[in-house]
Amino acid sequence: MSMYLFDEHPIIANKTLAREIGLNEALVLQQINYWIEINRKTGKNFYEVRYWTYNSIRSWREKDFDYMSLDTVKRTFAKLENQGYLISRNYNKDPRDKTKWYTIDEEKLFKLYQEIEFKKSETEKKH
């Protein structure tokens, strides 16, 4: 196997999600989901009936998205928040700490997939 294929942890994205909301957005949601699932398994960062993960944009870029520019990471997170797929809060103990905490609005994501399935079924009916 080539040394460039999976010699480190791969980045994956759902193709359907990438087509609908963009590749960078799908990658960010997938990575946030990864960290949320780790917190769910360990019982950490549970607030307002949801599991959360946190980092500064700079840290997200350095640790998870080093193949993107800092501006791209900023834009991607902002777009996901503006579209309602990402929810952000501040649960930091120090009020001066402005690090954002993130979770995924699973209801919004579910509605998107319902819309996709509806479009598919409509297209199939026409053919």
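Keep in mind the model is a prediction, meaning the values are calculated, not measured.

Asker: Which residues make up the packing of helix α2 (residues 23-42) against helix α4 (residues 70-83), and what values go with them?
Answerer: Contact geometry of α2 with α4 gives a least axis separation of 10 Å together with a crossing angle of 80°. Put simply, α2 runs roughly perpendicular to α4. Along the contact surface, α2 presents Asn24, Glu25, Val28, Leu29 and Ile32, while α4 presents Thr72, Thr76, Phe77, Lys79 and Leu80.

Asker: How would you explain the side chain of Thr53 if you had to name every residue and give the values?
Answerer: Take Thr53: it is sitting in strand β3 (residues 53-54). What makes Thr53 buried here is its relative accessible area of 7%. When sequence neighbours within four positions are dropped, the list of residues in contact with Thr53 reads Ile32, Trp35, Ile36, Asn39, Trp60, Lys100, Trp101 and Tyr102.

Asker: Before we move on, could you go through the environment of Gln83 and cite the residues and values that matter?
Answerer: On the secondary structure map, Gln83 appears in helix α4. Judged by relative accessible area, which is 30%, Gln83 ranks as partly exposed. Each C-alpha atom, one on Gln83 and one on Leu17, is 14 Å from the other, the two residues being 66 residues apart in sequence.

Asker: Could you give an account of the nonpolar core, naming the residues involved and the relevant values?
Answerer: The tendency in soluble globular proteins is for nonpolar side chains to be buried as a group. Grouped together as the largest cluster of nonpolar side chains are 23 residues, with contacts concentrated most on Leu29, Ile32, Phe77 and Leu86. Only α1 (15-21), α2, α4, β5 (101-104) and α5 (106-126) provide two or more residues apiece to this core. Tallying contributions element by element places α2 first for this core, with 6 residues. Setting aside chain neighbours within four positions, we find Phe77 in contact with Val28, Ile32, Ile57, Trp60, Phe65, Leu86 and Tyr102.

Asker: How would you explain α5 if you had to name every residue and give the values?
Answerer: With 21 residues, α5 extends 31 Å from end C-alpha to end C-alpha; this agrees with the ideal 30 Å at 1.5 Å per step. If you check which residues of α5 are buried, you get Leu109, Leu112 and Ile116. For α5, the angular spread of buried residues about the axis comes to 55°, placing them on one side. Facing away from the buried side of α5 by over 90 degrees, the exposed positions are Glu107, Phe110, Lys111, Phe118 and Lys125. Looking at the packing, one finds that the buried side of α5 touches α1, α2 and β5. Structurally, the start of α5 carries an N-cap: the backbone nitrogen of Glu107 is 3.1 Å from a side-chain oxygen of Asp105.

Asker: Describe in detail the packing of aromatic side chains, supporting the description with residues and values.
Answerer: This model, assessed by the stated rule, comprises 13 aromatic pairs. Taking 4.3 Å as the distance between ring centres and 10° as the angle between the ring planes, the aromatic pair formed by Tyr47 and Tyr91 counts as stacked. In this pair, Tyr47 sits in strand β1 (residues 46-47) while Tyr91 sits in the loop between β4 (86-89) and β5, placing the two residues 44 residues apart along the sequence. Centroid distance Phe77 to Tyr102: 5.0 Å. Interplanar angle 65°. Geometry classified as edge-to-face. Within this pair, whereas Phe77 is found in helix α4, its partner Tyr102 is found in strand β5, the two being separated by 25 residues in sequence. Classification of Phe77 as buried rests on a relative accessible area of 1%. We note Lys108 situated over the ring of Tyr85; from NZ or CZ to the ring centre the distance is 5.2 Å.

Parameters at a glance
Residues numbered from 1 in each chain as written. Predicted model: local features only at pLDDT ≥ 70, side-chain atom pairs only at ≥ 80, totals over all residues. Heavy atoms only, no water. Axes fitted to C-alpha atoms, helices over the stretch in contact; angles between N-to-C directions. Helix = DSSP H or I, 4+ residues; strand = E, 2+ residues; numbered from the N terminus. Parallel < 35°, antiparallel > 145°, perpendicular 65-115°, else oblique. Contact = heavy atoms within 4.5 Å. Buried < 20%, exposed > 50% of the residue type's maximum accessible area, 1.4 Å probe, protein only. Core = buried A, V, L, I, M, F, W, Y, C linked by side-chain atoms within 4.5 Å. Expected span 1.5 Å × (residues − 1). Arc of directions from axis to C-beta. Polar contact = N/O pair within 3.5 Å; in protein donor to acceptor, adjacent residues only side chain to side chain. Phe/Tyr/Trp six-rings, centres within 6.5 Å; stacked < 30°, edge-to-face > 60°. Lys NZ or Arg CZ within 6 Å of the ring centre and 35° of its normal.

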